[in-house]
Amino acid sequence: MNDQLWVTIVGMMLVTFIPRLVPFLMVSERQLPPKLQQFLEYIPYTALGALVIPGVFNAIPGMPAVSIAGIGFAFFYGWYKGGLIIPVLGSILIVFLILLI
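The rules behind the values
Every chain is numbered independently, its residues counted from 1 as its sequence is written. Given that this is a predicted model, residues contribute local features only at a pLDDT of at least 70 and side-chain atom pairs are listed and counted only at 80 or more, while totals for whole chains, interfaces and linings are drawn from all residues. For the side-chain quantities, the full set of heavy atoms in the structure was used; hydrogens and water were omitted. Strands here are runs of E lasting at least two residues and helices are runs of H or I lasting at least four, both read from the DSSP assignment and numbered beginning at the N terminus. One less than the residue count of a helix, multiplied by 1.5 Å, gives the span that helix is expected to have. When a residue's accessible area, from a 1.4 Å probe over protein chains only, is under 20% of the maximum for its type it is buried; when over 50% it is exposed; and in between it is partly exposed. In this description, the arc belongs to the directions extending from the helix axis to the C-beta atoms.

Visitor: Just checking my understanding: could you explain helix α5 (residues 85–100) for this structure?
Guide: One turn of an α-helix holds 3.6 residues; hence residues three or four places apart share an orientation. Taking 1.5 Å of rise per residue, the 16 residues of α5 would be expected to cover 22 Å, and the 22 Å separating its terminal C-alpha atoms lies within 8% of that figure. For α5, the set of buried residues is Pro87, Gly90, Ser91 and Val95. Along the axis of α5, the buried residues cluster in a sector spanning 135°; they form a single face. Facing away from the buried side of α5 by more than 90 degrees, the exposed set consists of Ile85, Leu89, Ile92 and Leu100.

Structure representation (structure tokens):
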């Protein structure tokens, strides 16, 4: 590879790494307020929902009720009992049974 390509790769690495490193270094020594810490704990769940939910409605074209039944089971079971594996497997089973009928 030529030198210009290496400079470009290292430059892109620094441009993406530095904005991630600076906040980490600024916050690592401090204790965050409890409300902010609680807010930050919900971000992975929110991001997962934003990525998964649109795909669920497009999974079975022309049959949104089946998708809603699967999401409904996962939501209510997850809300009352918690966990991750049983709501996912249960919603798959519900969708399979509805499509079988």
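Anyway, onward from the coordinates.
Visitor: Hey, could you run me through the environment of Leu89 in this one?
Guide: By the element assignment, Leu89 lies in helix α5. Residue classification places Leu89 among the exposed positions, given a relative accessible area of 53%. C-alpha of Leu89 to C-alpha of Gly70: the two residues are 19 residues apart in sequence and 9.8 Å apart in space.

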